[in-house]
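Next come the chains, spelled out residue by residue.
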Amino acid sequence: MNLSPLKTPISLLTLTLIITLLFIHFTPKHNPSSISPLMARRSFILWLHGLGDSGPANEPIKSLFSSHEFNGTKWGFPSAPLSPVTCNYGAVMPAWFDLHEIPVTADSPDDVDGVLKAVKNVHAMIDSEIASGTTPDNVFVCGFSQGGALTLASVLLYPKTLGGGAVFSGWVPFNESLIEKFPDDARKTPMLWSHGMADRTVLFEAGQAGPPFLEKAGVSCEFKAYPGLGHSINDQELLYLQAWIKSCLKSSS
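Residues numbered from 1 in each chain as written. Predicted model: local features only at pLDDT ≥ 70, side-chain atom pairs only at ≥ 80, totals over all residues. Heavy atoms only, no water.

Considerations on the sheet that holds strand β1 (residues 43–48)
And then number 1: As summarised here, the arrangement of the six strands in space is β2-β1-β5-β6-β7-β8, forming an open sheet in which the pairing is parallel. In this open sheet, the two edge strands, each paired with only one partner strand, are β2 (73–76) and β8 (221–226). Shown here is a sheet whose adjacent strand axes are inclined to one another by a mean of 15°, direction ignored.
And then number 2: Together, β1, β2 and β5 (139–144) form the strand contacts of helix α2 (residues 112–131), whose direction differs from that of β1 by roughly 165°. (Pairing = 2+ DSSP bridges. Helix = DSSP H or I, 4+ residues; strand = E, 2+ residues; numbered from the N terminus. Axes fitted to C-alpha atoms, helices over the stretch in contact; angles between N-to-C directions. Contact = heavy atoms within 4.5 Å.)

Structure below.
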């Protein structure tokens, strides 16, 4: 059957309209309230490496954080400046502050001035991230060995409550006289402390001294001991860290 020139465009228009209405009707509706707030979270994880290491060398750590809660996470892997280190006979290497002896014990001497100088640099990194839009309670500072000691100092001296601080094979890098300088808001930041029981570089006793110190400061701390683990960090610790941070994350809504 031949269609007249007038009826053809009208028929095509009608058909197009019907298809459009059917598409709209059967397209799944997305309810904004059904989307988990976890998906909208923005967080920042700052990782501080150990003596003689570098930031980029630690970047593979983030590959273990595969949960969708970390899709919007920004990572920071800074490198320590080059400095002479006393325990290594003055050799110049990446170091957050000076270290007088190895193994580190609960009674090892501290480089308090060096620690406080390094803390200022860490605080500047945190401030920059908060200024870019991340809320303080979604900022996490983590560190291994000397970086763990610096993590502890940086969290306890920061003027705001952060999402959390995680110390791996670290130690307390100053004495109790500094507790009075900890801001009240900093004392509300939760801490995770993990330490290998076979550690011969930062002795287990140095790690064990952490929780009692934090208790005196009024800081909540979860301590995890790992039998047979030396001065290193393993996947078990990192997977637990992932779960711990997930439990601490706050919704951006």
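The discussion continues.
Some details on the pattern of salt bridges
And then number 1: Within this structure, the stated rule accounts for four salt bridges.
And then number 2: For Glu129, the salt bridge goes to Arg42, with nearest N and O atoms at 3.7 Å. Within this pair, whereas Glu129 is found in helix α2, its partner Arg42 is found in the loop between α1 (7–26) and β1, the two being separated by 87 residues in sequence.
And then number 3: For Glu176, the salt bridge goes to Lys216, with nearest N and O atoms at 2.7 Å. Of this pair, Glu176 sits in the loop between β6 (164–168) and β7 (191–196) while Lys216 sits in helix α5 (residues 210–216), and the two are 40 residues apart along the sequence.
And then number 4: A residue is classified by how much of its surface remains accessible, and Lys216, at 55% relative accessible area, is exposed. (Salt bridge = Lys/Arg side-chain N within 4 Å of Asp/Glu carboxyl O. Buried < 20%, exposed > 50% of the residue type's maximum accessible area, 1.4 Å probe, protein only.)

Here's the deal with the pairing of β7
And then number 1: Burial analysis of β7 places six of its six residues in the buried class, the great majority of the element.
And then number 2: Here β7 shows a buried face lined by Met191, Trp193 and His195 and a second buried face lined by Leu192, Ser194 and Gly196.
And then number 3: Note: β6 against β7, four bridges, orientation parallel. Within β7, the residue paired with Phe168 across the bridge is Ser194.

A short note on the nonpolar core
And then number 1: With 44 residues, the main nonpolar core has Ile126, Phe174 and Phe182 as its most contacted residues.
And then number 2: For Phe174, the contacting residues outside a window of four places in its chain are Asp110, Val112, Val115, Ala153, Leu157, Phe182 and Phe213.
And then number 3: Ranked by size, the runner-up nonpolar core spans 19 residues in total, among them Ile45, Phe65, Phe77 and Phe144. (Core = buried A, V, L, I, M, F, W, Y, C linked by side-chain atoms within 4.5 Å.)

Structural notes on the side chain of His49
And then number 1: Relative to the elements of secondary structure, His49 occurs in the loop between β1 and β2.
And then number 2: Given a relative accessible area of 0%, His49 falls into the buried group.
And then number 3: A polar atom in the side chain of His49 sits 2.9 Å from the backbone nitrogen of Ala80.
And then number 4: Apart from the residues within four sequence positions on either side, His49 is in contact with Ser54, Gly55, Asn58, Pro78, Ser79, Ala80, Pro94, Trp96, Phe144, Gln146 and Gly147. (Polar contact = N/O pair within 3.5 Å; in protein donor to acceptor, adjacent residues only side chain to side chain.)

Notes on the packing of aromatic side chains
And then number 1: Summed over all chains, the structure comprises nine aromatic pairs.
And then number 2: Seen from their ring centres, Phe65 and Trp75 are 4.9 Å apart, and the 80° between their planes marks the pair as edge-to-face. Of the two residues, Phe65 sits in the loop between β1 and β2 while Trp75 sits in strand β2, which places them 10 residues apart along the sequence. Residues Phe65 and Trp75 agree in their burial class; the two are buried.
And then number 3: Summarising the aromatic geometry, the rings of Phe174 and Phe213 are spaced 6.0 Å apart at their centres and angled 40° between planes, so their arrangement reads as tilted. Remark: Phe213 occurs in helix α5 and Phe174 occurs in the loop between β6 and β7; sequence separation between them is 39 residues. Neither residue differs from the other here; Phe174 and Phe213 are each classed as buried.
And then number 4: Three or more aromatic residues joined by ring pairs form one cluster here, namely Phe65, Phe70, Trp75 and Phe77.
And then number 5: The positively charged end of Lys224 is found above the aromatic ring belonging to Tyr240, 4.2 Å away from the centroid. (Phe/Tyr/Trp six-rings, centres within 6.5 Å; stacked < 30°, edge-to-face > 60°. Lys NZ or Arg CZ within 6 Å of the ring centre and 35° of its normal.)

Looking at the environment of Leu157
And then number 1: Here Leu157 is to be found in the loop between α3 (146–156) and β6.
And then number 2: We classify Leu157 as buried; its relative accessible area is 18%.
And then number 3: Residues Leu157 and Lys181, spaced 24 residues apart in sequence, show a C-alpha to C-alpha distance of 7.2 Å.
And then number 4: If we ignore the near neighbours within four places in the chain, the residues touching Leu157 are Leu116, Val119, His123, Phe174, Lys181, Phe182 and Pro183.

Some points on the confidence of the model for the chain
When pLDDT is low, close inspection of the predicted coordinates is not appropriate.
And then number 1: Averaged over every residue, the pLDDT of the chain is 88; residues scoring 70 or more account for 83%.
And then number 2: When the criterion is pLDDT under 50, residues 1–40 qualifies, and its contacts beyond four places in sequence or with other chains add up to nine contacts. (pLDDT = per-residue confidence, 0-100.)

Some details on unusual backbone geometry
And then number 1: Omega for the peptide link from Ile102 to Pro103 comes to 5°, which places this bond in the cis form.
And then number 2: With respect to the helices and strands, the residue Pro103 is situated in the loop between β4 (91–94) and α2.
And then number 3: Its identity is not glycine, yet Tyr89 carries a phi of approximately 60°, on the positive side.
And then number 4: Despite not being glycine, Ser169 has its phi angle at roughly 55°, a positive value.
And then number 5: Note on placement: Ser169 falls in the loop between β6 and β7.

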